[in-house]
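Listed below, chain by chain, are the residues.
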Amino acid sequence: MYGNGQAPIFILKEGTQRTRGKTAQSNNIAAAKAVADAVRSTLGPKGMDKMLVDSMGDVVITNDGATILKEMDIEHPAAKMIIEVAKTQEQHCYDGTTTAVILSGELLKKSEDLIEQNVHPTVICEGFRLAAEKACELLEIHGISTENDTDILNEVAKTALTGKSAGAVKSFMADICVRAVQAVGVVEDGERLVDIKDIKVEKRQGGSIRDSSLIDGIILDKERVHSGMPRTIQNGKIALVNSAVEVKKTEVDAKIQITDPSQLALFLEEEEQYIRNLVDTIENSGANVLICQKGIDELAQHYLAKKGIFAIRRAKKSDMEALSKATGGQIITNIEDISPGDLGHAARIEEKKIGESEMTFITGCPEAKSVSVLLRGGTEHVVDEIRRAFDDAVGVVSVAWEDGAVLTGGGSVLASISRELRNYAETVGGREQMAIEAFSGALEIIPRTLAENAGLDPVTTIIELRKAHADGQKYAGINVYEGGVANMKDANVLEPLRVVEQAIQSATETAIMILRIDDVISSKGVMMDGNMDDTGDFQM
Ligand code: ADP
Ligand code: MG
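Residues numbered from 1 in each chain as written. Chains lettered and ligands numbered in written order. Predicted model: local features only at pLDDT ≥ 70, side-chain atom pairs only at ≥ 80, totals over all residues. Heavy atoms only, no water.

**Structural notes on the overall build of the protein**
Helix and strand counts for the protein stand at 16 helices and 23 strands. Principal-axis analysis of the C-alpha atoms gives the protein an extent of 95 × 75 × 45 Å. Counting all 540 residues of the protein, 50% fall into the buried class. For the protein, contacts bridging at least 24 residues in sequence account for 75% of all contacts bridging at least 6. Of the roughly 25,900 Å² that the protein leaves accessible, carbon and sulfur atoms contribute 48%. Each charge class in the protein was averaged separately, 59 positive and 84 negative side chains, and the resulting centres sit 1 Å apart. (Helix = DSSP H or I, 4+ residues; strand = E, 2+ residues; numbered from the N terminus. Buried < 20%, exposed > 50% of the residue type's maximum accessible area, 1.4 Å probe, protein only. Contact = heavy atoms within 4.5 Å. Areas by Shrake-Rupley, 256 points an atom, 1.4 Å probe, with all protein chains shown as cover. Lys, Arg positive; Asp, Glu negative; His and termini not counted. Charge placed at Lys NZ, Arg CZ, Asp CG, Glu CD.)

Here it is as structure tokens:
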């Protein structure tokens, strides 16, 4: 009954699930840790790959953290938040996704201990915030300036490629990455910028990784429309057209009544004349190459071939834009309006058979602020994984090129910062000190996992690492090949500062976000509890 103050008031729909307080917290933490555990074994050069099979039976083999998490069908909302960390990391830095995810899992794990000791989550959050801020300040101090040094950029690319399937040809791939970034990088008002979209990647299965190459222009996954056209054009003048080369269709459906065969002939002749005129206009502009975003009528193909013009149809819009950028040509809609000034230029246009099919190479572009990379590999899975490794490597090189600062990897900088944060914690005092200490401990998860994945004893290795840092060896990191610790600067293990900084920041933000939740209200049908097994561990 209303109004008597006795009846419970339901504000949530029937079937809504609700978990609160410590249960909500520990569920969320367990889910987030489970995600982190799922990718742990892939970290570092000695990390393993994962084979992911989707519901359609398609297989992806990768050791790329972001890819693994993207392919996994994860339902738990807190687990999804961790996946967001990987996405953010990938968007901003192209690399460090596994690191970011492992770090947020570890931060949450450490918080659990603190919560058990009755430290309030808001205090933990405050401590983490202070620690992350301090950590980023410290990172800047550890930064090594790159100043567009090709050797350093090469090492950054090689570090990103280590442990991936492209790792065997690291130097070869690193060289392609660095040259590509240096070709498209621009300095605007003193700001260094690389638009990664200016590096166009085409992959082709067949051949070996070493058949991959960098082209100062564009590769189109297309062949010329007519075999009568020349295969190669030197000194190409390129018309870029985004409308069809065919007889214009009328807007309304029209029927023509033909009463006499001569009328039909006349009609066809007129159409033919129209096409002829179009092709003549193209030729008169001086073009010897036509790249069309739409279709090219058969008759037009024939005339173009007769005039020795190389033509491609149905080019992708993104390719048209890249072509315009690389060749300096204008994309035109109305062929009748074409003028010599609209044409793009490239030293050489050539159709080549790559693997199973033909591709068109447009090279020697005067303003090659847009380049293409052709990636080759034995099988589809190999090329796909090489593509992912290449994207990471080109990404980190661009980040290093833009920022001009790198750090030594292998857990070296994180070990240093972990130590420095412990000292900082003492100056803060109070309960936040505990949180900062926990944060400092969480950073060691990276060197520890690198050691574990390399088959080393994590405990003795971490002790050795701490000792090295206590002795002032600030570049000491995990020697994943021979065991123990080694100088990561001498080993040329370098990564962009931004990658580590972003990993720390987004891991902290997500951990905080998850810690602040003490009430989970979910509508019917959403999985909330995951499948806790008897040990309280989360199963996915
Ligand atoms: P992420 O997705 O986080 O980039 P990776 O599997 O690429 O994960 O591993 C990156 C980690 O491996 C970084 O901590 C990096 O410093 C470390 N690493 C890379 N190469 C080496 C190496 N030769 N020796 C030790 N650690 C390395
Ligand atoms: Mg990486």
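**Observations concerning the site of ligand 1**
Near ligand 1 you find 19 residues, and of these D95, T98, T99, G410 and E495 are the closest. Contact distances for ligand 1 include 2.7 Å between an oxygen atom and a side-chain N or O atom of D95. Within the side chain of T99, one N or O atom sits 2.5 Å away from an oxygen atom of ligand 1. The element best represented in the shell around ligand 1 is helix 4 (residues 97-116), accounting for 3 residues. Partitioned by chemical class, the residues of the shell around ligand 1 number 8 nonpolar, 9 polar and 2 charged. (Near = heavy atom within 4 Å. Polar contact = N/O pair within 3.5 Å; in protein donor to acceptor, adjacent residues only side chain to side chain. Nonpolar A, V, L, I, M, F, W, Y, C, P; charged D, E, K, R; others polar.)

**Comments concerning a nonpolar patch on the surface**
Residues I256, I258, L264, F267 and L268 make up a contiguous nonpolar surface patch of roughly 430 Å² in combined accessible area. Considering the arrangement of structural elements, one finds I258 in the loop between strand 10 (232-241) and helix 8 (261-284). (Patch = residues over 30% accessible without salt bridge, like charges linked within 9 Å, V, L, I, M, F, W, Y side chains within 5 Å. Salt bridge = Lys/Arg side-chain N within 4 Å of Asp/Glu carboxyl O.)

**Looking at the packing of aromatic side chains**
On inspection of all chains with the given rule, the structure shows 1 aromatic pair. Judged by centre distance (5.8 Å) and plane angle (65°), the ring pair of F128 and F439 falls under edge-to-face. Of this pair, F128 sits in helix 5 (residues 121-142) while F439 sits in helix 13 (residues 430-443), and the two are 311 residues apart along the sequence. Residue F439 is classed as buried on the basis of its relative accessible area of 1%. A cation over an aromatic ring shows up here: R192 above the ring of W401, its NZ or CZ 4.0 Å from the ring centre. Over the ring of F361 we find K352, and its NZ or CZ is 4.4 Å from the ring centre. (Phe/Tyr/Trp six-rings, centres within 6.5 Å; stacked < 30°, edge-to-face > 60°. Lys NZ or Arg CZ within 6 Å of the ring centre and 35° of its normal.)

**Topic: the nonpolar core**
F128, F439 and I504 are the most contacted members of the largest nonpolar core, which totals 69 residues. Once residues within four sequence positions are removed from consideration, F439 is found in contact with L107, F128, A131, A132, A135, L421, I504 and T508. One finds V156, M173, A174 and W401 within the second-largest nonpolar core, a separate group that totals 36 residues. (Core = buried A, V, L, I, M, F, W, Y, C linked by side-chain atoms within 4.5 Å.)

**With respect to the pattern of salt bridges**
Tallied over the full model, the rule gives 27 salt bridges. For the salt bridge of E358 with R231, the shortest nitrogen-to-oxygen distance reads 3.7 Å. Remark: R231 occurs in the loop between strand 9 (218-220) and strand 10 and E358 occurs in strand 15 (residues 357-363); sequence separation between them is 127 residues. For E358, a relative accessible area of 16% translates into the label buried. By relative accessible area, which is 39% here, R231 ends up partly exposed. Its salt-bridge partner being R498, residue D403 comes within 2.8 Å of it at the nearest N-O pair. Here R498 lies in helix 16 (residues 497-515) and D403 lies in helix 11 (residues 380-403), a separation of 95 residues in the sequence. Relative accessible area serves as the criterion here: at 22%, R498 is assigned to the partly exposed category. Shared partners join several salt bridges into a network, and the residues in it are R224, R231, E351 and E358.

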